[in-house]
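Structural features, examined
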Amino acid sequence: PACVGTDIEINFVNPNNDNIVIVDDGGASAVVNGTTADDRLFTFDSAGSYTIQVQYQSANCESTIVDIPVVVEDFADPGLMCGTSTLNSVEFVWTEVPGATYTVNVITIPGAALQAQTPGAFTVTGLSQGDAVEISLTVTTGNSCPDITVGPIECIASDCPVYNVVIGSMDPMTLCL
């Protein structure tokens, strides 16, 4: 399998230097020549199963059409954000995907605070009002997509509603209103 947005290189065995014709690109968003005349790079914008069809052509004949199955996987950003906050605790939350593993990387945490990770959440207790905790999250995707690290994000122990605001491609901001 390959990951969405990455190049899938297909190397064709072509001992007679025939012309390689892409009969059907399977819905690829891009098809370009590879590093040699017998390589092609295919890129897909969404996950799924695709079939690429190729044919060898020479001056005198054409081969039968060959089907090449391709599986493309995706992995979405888990959406790390501040969850519930109290005067003495903070919670970070994210959306988990089956098969992936999630490792919390603590960047800043006050001395004696207790911490616990559960599926989709990381909670720190034993804080004082106004204490800040900062983490990032490393996700081992469990598929062909590369592992990712999201964050860092900071949550503050306070007894007020937390609003997460995302503006375009900027990092999420946390506002306490």
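Whatever comes next refers back to the structure up there.
For clarity, every value in this text was computed on a predicted model and none was experimentally measured.

Counting residues in hydrophobic clusters, the biggest one holds 23 residues, and the most contacted among them are L80, V90, F92, W94, I135 and L137. For this core, the secondary structure elements donating two or more residues are strand 9 (89-93), strand 10 (101-108), strand 12 (121-125), strand 13 (132-140) and strand 14 (148-156). Top contributing element to this core by residue count: strand 13, with four residues. Each residue touching W94, except ones within four places of it in the same chain, is listed here: P78, G79, L80, Y102, V104, Q117, T118, G120, A121, F122 and L137. With 16 residues, the next largest nonpolar core counts A2, V4, F44 and V70 among its residues.

Spatially, 10-13-14 is the arrangement adopted by the three strands of the open sheet, whose pairing is antiparallel. In this open sheet, the two strands that pair with only one neighbour each are strand 10 and strand 14. Averaged over all neighbouring strand pairs, the angle between strand axes comes to 25°, with direction disregarded. Two strands pair when backbone bridges link them, and strand 10 and strand 13 are joined in this way by seven bridges, in the antiparallel orientation. Considered in strand 13, the bridge of T103 is made with T138.

Next up on the list: the pairing of strand 13. Pairing geometry for strand 13 and strand 14, over seven bridges, is antiparallel. Looking at strand 14, one finds that V139 is bridged to I148.

Turning to the packing of aromatic side chains, a few remarks are in order. Scanning all chains against the criterion turns up three aromatic pairs. Aromatic pair F92 and F122: ring centres 6.3 Å apart, planes at 40°, arrangement tilted. Pair noted here: F92 is in strand 9 and F122 is in strand 12, with a separation of 30 residues, a long-range link. As far as burial versus exposure is concerned, F92 and F122 are alike and both buried.

A separate point is unusual backbone geometry. P152 follows G151 through a cis peptide bond whose omega is 10°. Secondary-structure assignment places P152 in strand 14.

Right, let's talk about the sheet that holds strand 5 (residues 39-43) for a bit. Read across the open sheet, the three strands follow the order 2-5-4; overall the sheet is antiparallel. Here the strands that pair on one side only, and so sit at the sheet edges, are strand 2 (8-11) and strand 4 (30-33). Going across the sheet, the axis of each strand differs from the next one's by a mean of 25°, ignoring polarity. Note: strand 4 against strand 5, four bridges, orientation antiparallel. If you follow N33 over to strand 5, its bridge partner there is R40.

The next point concerns the state of the cysteines. Here the structure, examined in full by the defined rule, presents two disulfides. Each disulfide pairs two cysteine sulfurs, and for C3 the partner residue is C145, the sulfurs being separated by 2.1 Å. Disulfide C3 to C145: torsion about the S-S bond roughly 95°, handedness right-handed. One end of the pair, C3, is in strand 1 (residues 2-3); the other, C145, is in the loop between strand 13 and strand 14, and 142 residues separate them in sequence. Comparing C3 with C145 shows no difference in burial state: the two are buried. Bridging C82 to C155, the disulfide has an S-S length of 2.0 Å. Disulfide C82-C155: the torsion about the S-S bond is -105°, which places it as left-handed. One end of the pair, C82, is in strand 8 (residues 81-86); the other, C155, is in strand 14, and 73 residues separate them in sequence. Comparing C82 with C155, the two get one shared label, buried.

Rules of the game
- Residues numbered from 1 in each chain as written.
- Predicted model: local features only at pLDDT ≥ 70, side-chain atom pairs only at ≥ 80, totals over all residues.
- Heavy atoms only, no water.
- Core = buried A, V, L, I, M, F, W, Y, C linked by side-chain atoms within 4.5 Å.
- Buried < 20%, exposed > 50% of the residue type's maximum accessible area, 1.4 Å probe, protein only.
- Helix = DSSP H or I, 4+ residues; strand = E, 2+ residues; numbered from the N terminus.
- Contact = heavy atoms within 4.5 Å.
- Pairing = 2+ DSSP bridges.
- Axes fitted to C-alpha atoms, helices over the stretch in contact; angles between N-to-C directions.
- Phe/Tyr/Trp six-rings, centres within 6.5 Å; stacked < 30°, edge-to-face > 60°.
- Disulfide = S-S within 2.5 Å.

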